[in-house]
Every structure is written in structure tokens, then in C-alpha cells.
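# Architecture and fold: a report
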Amino acid sequence: MSLPTALPRTAMQRRWTHYASPSTFYALAGRMLPWCWAIAAAAAAAGLVVGLLVAPTDAQQGDAYRIIFVHVPAAWMSMIIYLAMAFWAAVGLVFNTRLSSMMARALAPTGALMTLLALWTGALWGKPTWGTWWVWDARLTSELLLLFLYLGFMALQAAHDDPRVGDRLGAVLAIVGAVNVPVIYFSVRWWNTLHQGASVSLTQAPSMARVMLAGMLLMAVAFWAWSIGAALHRLRTIVLVRERGADWVAALPELRRP
Amino acid sequence: MNWSSLEEFAAMGGYALYVWGSLGMCAAALGWEAVMLALQRRRAIDELREDARAPEDRP
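With that out of the way, let us pick up the overall build of chain A. Counting its regular elements, chain A contains 9 helices and 0 strands. Secondary structure elements of chain A, listed N to C terminal, follow the sequence α-α-α-α-α-α-α-α-α. For chain A, the residues scored as buried account for 38% of the 258 residues in total. Contacts in chain A between residues at least 24 apart in sequence constitute 76% of all its contacts with a sequence separation of at least 6.

What follows deals with the nonpolar core. Counting 75 residues, the largest nonpolar core has Ile67, Met85, Ala222 and Leu235 of chain A as its most contacted members. Elements that contribute at least two residues to this core include exactly helix H2 (22–54), helix H3 (68–95), helix H4 (98–130), helix H5 (138–158), helix H6 (163–177) and helix H8 (210–242) of chain A together with helix H2 (16–52) of chain B. Non-local contacts of Leu235 of chain A, meaning those with residues more than four positions away in its chain, are made with Ala29, Met102, Met103 and Ala106 of chain A.

All right, on to the environment of His160 of chain A then. Residues and elements named next belong to chain A. With respect to the helices, strands and loops of the structure, His160 is situated in the loop between H5 and H6. In this structure the C-alpha to C-alpha distance between His160 and Ala178, which are 18 residues apart in sequence, comes to 22 Å. Apart from residues no more than four positions distant in its own chain, His160 is found in contact with Val165, Gly166 and Leu169.

The backbone of Asn96 of chain A sits at a positive phi, close to 60°, despite the residue not being glycine. Take Asn96 of chain A: it is sitting in the loop between H3 and H4. A residue is classified by how many C-beta atoms lie within 10 Å of it, and Asn96 of chain A, with 12 of them, is exposed. Even without being glycine, Met12 of chain B reaches a positive phi, approximately 50°. Looking at where Met12 of chain B falls in the secondary structure, it is placed in the loop between helix H1 (6–11) and H2.

Another point: the packing of H3 of chain A against H4 of chain A. Residue and element names in this part refer to chain A. At a minimum axis separation of 7 Å, H3 and H4 run at an interaxial angle of 155°. The angle between H3 and H4 places the two elements in the roughly antiparallel class. When you trace H3 past H4, the crossing you get is left-handed. Residues that form the contact of H3 with H4 fall into these classes: 19 nonpolar, 10 polar and no charged.

With that settled, consider H4 of chain A. Residues and elements named next belong to chain A. Its 33 residues give H4 an end-to-end C-alpha distance of 46 Å, which sits within 8% of 48 Å, the value for a rise of 1.5 Å per residue. By the largest-angle criterion, Ala108 marks the main kink of H4, which is about 30°, and a proline, Pro109, follows within four residues. With 24 of its 33 residues buried, H4 lies for the most part within the structure. Just beyond H4, the residue with positive phi is Gly131, at close to 85°.

Further remarks concern the packing of H8 of chain A against H2 of chain B. To characterise two packed helices, one gives the angle between the axes of the helices and the distance between these axes. The interhelical angle for the contact between H8 of chain A and H2 of chain B, taken along N-to-C directions, is 20°, at an axis separation of 9 Å. With respect to each other, H8 of chain A and H2 of chain B are oriented roughly parallel. Handedness of the H8 of chain A/H2 of chain B crossing: left-handed. Contact with H8 of chain A, carried on its side by Trp226, Ala230, His233, Arg234, Thr237, Leu240 and Val241 of chain A, involves Leu30, Glu33, Leu37, Gln40, Arg41, Ala44 and Leu48 of chain B of H2 of chain B and no other residues of that element. In terms of residue class, the contact of H8 of chain A with H2 of chain B is made up of 8 nonpolar, 3 polar and 3 charged.

What follows concerns the environment of Pro182 of chain A. One can find Pro182 of chain A in helix H7 (residues 180–190). For the pair Pro182 of chain A and Met79 of chain A, spaced 103 residues apart in sequence, the C-alpha to C-alpha distance is 8.8 Å.

Let's shift gears to H3 of chain A. Between the first and last C-alpha of H3 of chain A there are 40 Å, a value that for 28 residues agrees with the 40 Å anticipated at 1.5 Å per step. With its phi angle positive at about 60°, Asn96 of chain A sits one or two positions after the end of H3 of chain A.

Reading the values: the criteria
Every chain begins its residue count from 1, and numbering advances along the sequence as written. Think of it this way: whatever chain is written first is A, whatever ligand is written first is 1, and the rest follow in order. Two thresholds apply to this predicted model, a pLDDT of at least 70 for residue-level local features and 80 or more for giving and counting side-chain atom pairs, whereas whole-chain, interface and lining totals are computed over all residues. For the purposes of this entry, the term helix denotes a DSSP run of H or I that reaches at least four residues, the term strand denotes a run of E that reaches at least two, and both are numbered from the N terminus. Buried means a residue has 20 or more other C-beta atoms within 10 Å of its own C-beta, exposed means 12 or fewer, and partly exposed covers the counts in between; C-beta atoms are placed from the backbone. Contacts here follow a simple rule: the backbone-placed C-beta atoms of the two residues must lie within 7 Å. In these notes, a nonpolar core means any group of buried Ala, Val, Leu, Ile, Met, Phe, Trp, Tyr and Cys residues linked to one another through C-beta atoms within 7 Å. Simply put, an axis is a line fit to the C-alpha atoms, just over the touching stretch for a helix, and the angle between two N-to-C directions goes from 0 to 180 degrees. Put simply, angles under 35 degrees are roughly parallel, angles over 145 are roughly antiparallel, angles from 65 to 115 are roughly perpendicular, and the rest are oblique. Left-handed is the label given to a crossing in which the near helix is rotated counterclockwise from the far helix by less than a right angle, and right-handed is the label when the rotation is clockwise. Under this grouping Gly is polar, as are all residues other than the nonpolar Ala, Val, Leu, Ile, Met, Phe, Trp, Tyr, Cys and Pro and the charged Asp, Glu, Lys and Arg. Multiply 1.5 Å by the residue count of a helix minus one, and that product is the helix's expected span. Bend at a residue means the angle formed by two fitted axes: the first through the 7 residues ending at that position, the second through the 7 residues beginning there.

Structure follows, in C-alpha cells:
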């Protein structure tokens with residue numbers, strides 16, 4: 001007797017692994033890109049209107065507080081992208097899936113940029129409120145370490161001609177460095193820092209006015225959408241280069257001679 | 001709306017350097033990233049097209 005259960009199982013397996021193939025994912029990412037850019041643009045426009053025009057001046061910090069509308073989203077993305085990068089690098093290392101490792105590579109430059117922006121806007125916020133551009137406290141130091149982890153990951157990838165060797169070495173660095181992310185996040189609680197505590201957390205009511213929070217969340221959506229779009233765009237380029245020679249790449253309309 | 005004039009908006013309550021320095025850097029960095037993304041894709045496609053050319057086509 002034949003087993004009818006065999007068919008649904010293979011169908012499900014196919015669905016699971018369908019988008020893990022570089023060719024399918026290349027096409028899917030291409031369809032997702034316009035949505036990422038549109039959401040990023042719309043959320044940024046709305047967030048800037050709310051944050052710069054609607055939200056009132058802060059009683060304590062004056063208008064300097066408006067840096068929060070880019071500082072917090074950039075800092076969030078710097079940590080989230082690192083965790084995503086370490087996750088995909090680990091998946092690539094354990095399951096030997098090429099696309100996962102490519103995803104880790106695609107995330108790194110955007111993560112490094114977000115870290116740089118968090119540090120830059122933090123310095124510009126620190127000067128008028130603390131009286132100094134920089135202080136070696138736990139929050140700032142661990143965020144700086146995050147930047148070096150991103151740069152180390154990218155340098156390691158660039159240093160190896162065999163991309164799979166770079167993938168594996170980068171994965172080890174990314175996984176070990178992931179310890180730093182909770183350190184950044186909880187640093188303001190674990191140590192006495194000059195940096196203020198979280199304005200928004202999962203367990204407590206936000207310590208900021210509704211309209212300010214709305215502006216910040218809109219900007220966070222914009223930074224999320226930008227980061228996803230940038231990573232997908234970079235991933236498509238990486239896939240093209242690394243899968244060169246594959247029939248599906250040669251058949252792409254964008255590769256036809258003009 | 002908090003601002004009564006464009007000058008007041010630009011001055012940001014005396015924190016213009018810090019607020020616009022932050023927003024400007026974000027715009028510049030993300031703009032630069034967008035340019036780099038487009039350039040890298042362009043370069044990759046050009047390279048692959050060059051590879052795809054049969055040897056007898058080459059000048």
C-alpha cells in the first residue's frame with residue numbers, strides 16, 4: 001500500500017527550504033525591496049513631522065532632546081542587526097547553508113553604520129547635556145566595542161579569498177561577540193553610568209510623553225525598514241557574485257547586454 | 001506646532017549644532033549607503049556581463 005502521508009510531508013519540506021535557495025531568494029528579495037524603501041520613506045517623513053514640528057520642547061533638555069528621534073532608533077538597530085548577523089552566521093556555520101552566511105555578510109555594513117550613527121548622535125547629545133562628547137562609561141564603551149566587532153567581522157571576510165573560509169571564521173567572531181549585546185542593553189542597569197536608563201522597555205510604561213514616543217517609534221519603523229532594505233539589496237549583489245556561473249544567474253534579465 | 005518662524009525652527013532653541021549635526025549625519029550616512037549599494041550592484045553586473053562574453057566576442 002502506498003503512503004499518502006509522504007506527499008504532504010515533502011510539500012511542507014519544500015516550503016521550508018524553498019526560500020533558502022539563492023535563486024528563489026534573489027527574486028523574493030527583489031520583490032520586497034520597493035516595499036522596504038516605501039515604508040522607510042513614509043515612516044521617516046511622518047516621524048520627522050511628529051518629532052520636529054508636533055512634539056513640544058522638553059522642559060529639562062530644551063530642544064536638544066530631539067536627537068532622541070535618530071539616536072535611539074540607530075542604537076536599537078545597531079544591536080538588533082548584530083544579533084541577526086550572529087544568528088545567520090551561526091546557521092551558516094552549523095547547517096553549511098550558503099545563503100545564511102551571505103545574509104550575515106550583507107547585514108554587517110548596515111549594522112556598522114547604525115553603530116557609528118548611535119555613537120555620533122550620542123556624542124552630539126552628550127556635549128550639551130553632560131558637558132562632554134565622550135565618557136568611558138559602560139554603555140558608551142560597550143557600544144564602541146560593538147563597532148569594532150562589526151569592523152573585525154568585515155575585515156575577516158575581506159581577508160579570505162575563499163568565501164567559505166571567511167564565512168566560517170566570521171561566524172566564530174560574530175557568535176563570540178554576541179555576548180556584548182546584552183552587556184550594552186543592560187549596562188545602564190548593571191553599572192552606574194552617566195548614560196540615562198531606558199526610556200522605553202518591555203516591562204515598564206514608557207517614561208516619555210505620548211507624542212514624543214510616537215515620533216520615536218515612527219523613526220524606529222523607518223530605521224527597521226531601511227535596514228531590511230539595505231541588507232536585502234546588498235545580499236542580492238553578494239548572491240550574484242558568489243553564484244556566478246550558475247545557469248539561473250546567466251539567465252537573469254538584468255545581465256543581458258543593453 | 002512649536003515654532004513661530006523658520007528662524008526659530010532652524011535655531012532649535014540654541015541647540016542647532018547638535019540637533020542638525022545629528023540629523024544631517026544620519027541623512028548623509030544613509031545617503032552614502034544608498035549610493036554604495038547601487039554602485040556595488042552596478043559593478044557586479046558589469047563584471048558578470050564581461051565574464052559571460054564568449055572569448056571570440058572580445059575586442
